[in-house]
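Per-entry structural report
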Amino acid sequence: MTLIDLNKKMVAEVAGFTGTPSLMLRLAKVGLRSKQKIRLLRSAPFQGPLLIEEMASGGKMMVAKSLAQNVLVRLVDG
């Protein structure tokens, strides 16, 4: 399952990444890390970005859907 597959308010743990090394570097720069718990707050329509919340800090970040499709996640209890 990828970050794009999450529904609003679902909580998941980042399980890994796919893609090229440069793409994985971009994801790290956005702030996504393995084993990080996140919650999808909002998904913009069409090809707009996703707004996600990092559960430990409460920090929010926008992730482009083109990047989000490379973030593997697994569902966890909120």
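Heads up: the structure comes first, above all this text.
These remarks concern the structure in this document.

Cut-offs applied
- Sequence order as written defines residue numbering, which begins from 1 separately in each chain.
- For a predicted model such as this one, the threshold for reporting local features is a pLDDT of at least 70, and the threshold for listing and counting side-chain atom pairs is 80 or more; totals across whole chains, interfaces and linings nevertheless cover every residue.
- The basis for the side-chain values is all heavy atoms of the structure; hydrogens and waters are excluded.
- For each residue, the accessible area found with a 1.4 Å probe, counting protein chains only, is set against the maximum for its type, and the residue is called buried under 20%, exposed over 50%, and partly exposed in between.
- Only DSSP runs of H or I covering at least 4 residues are called helices, and only runs of E covering at least 2 are called strands; the numbering of each starts at the N terminus.
- Note on pairing: two strands pair once DSSP finds at least 2 bridges between them.
- Any Lys or Arg side-chain nitrogen found within 4 Å of a carboxyl oxygen on Asp or Glu counts as a salt bridge.

1. Considerations on the pairing of strand 1 (residues 11–17)
- Extensive coverage of strand 1 is indicated by the burial of 5 of its 7 residues.
- Alignment of strand 1 against strand 2 (residues 37–43), held across 3 bridges, turns out to be antiparallel. Counted as the bridge partner of glutamate 13 is lysine 37 from strand 2.
- Where strand 1 lies against strand 5 (residues 71–75), 5 bridges are found, and the strand directions are antiparallel.

2. Section: the pairing of strand 3 (residues 50–54)
- Taking burial as the measure, the 5 residues of strand 3 include 5 buried ones, the bulk of the element.
- Burial along strand 3 is two-sided: the residues Leu50, Ile52 and Glu54 and Leu51 and Glu53 are all buried.
- Note: strand 2 against strand 3, 5 bridges, orientation antiparallel. Across the sheet, the residue bridging to arginine 42 is leucine 51, located in strand 3.
- Hairpin remark: strand 2 followed by strand 3, antiparallel, with 6 residues in the connecting loop; positive phi at phenylalanine 46, about 60 degrees.
- Pairing analysis gives 4 bridges linking strand 3 to strand 4 (residues 60–63), with the strands arranged antiparallel. The partner of leucine 50 across the bridge, within strand 4, is valine 63.
- Taken together, strand 3 and the strand that follows it, strand 4, pair antiparallel across an intervening segment of 5 residues, in which glycine 58 is found at a positive phi of about 80 degrees.

3. Structural notes on the pattern of salt bridges
- Under the definition given, this model contains 2 salt bridges.
- Between arginine 74 and glutamate 13 there is a salt bridge, with the nearest N and O atoms lying 3.1 Å from each other. Of this pair, arginine 74 sits in strand 5 while glutamate 13 sits in strand 1; the two residues are 61 residues apart in sequence, bridging distant segments of the chain.
- Since its relative accessible area comes to 14%, glutamate 13 is described here as buried.
- Across the pair arginine 39 and glutamate 53 runs a salt bridge whose closest N-O atoms are separated by 3.3 Å. Of the two residues, arginine 39 is situated in strand 2 and glutamate 53 in strand 3; the sequence distance between them amounts to 14 residues.

Just geometry here; none of it tells us what the structure is for.
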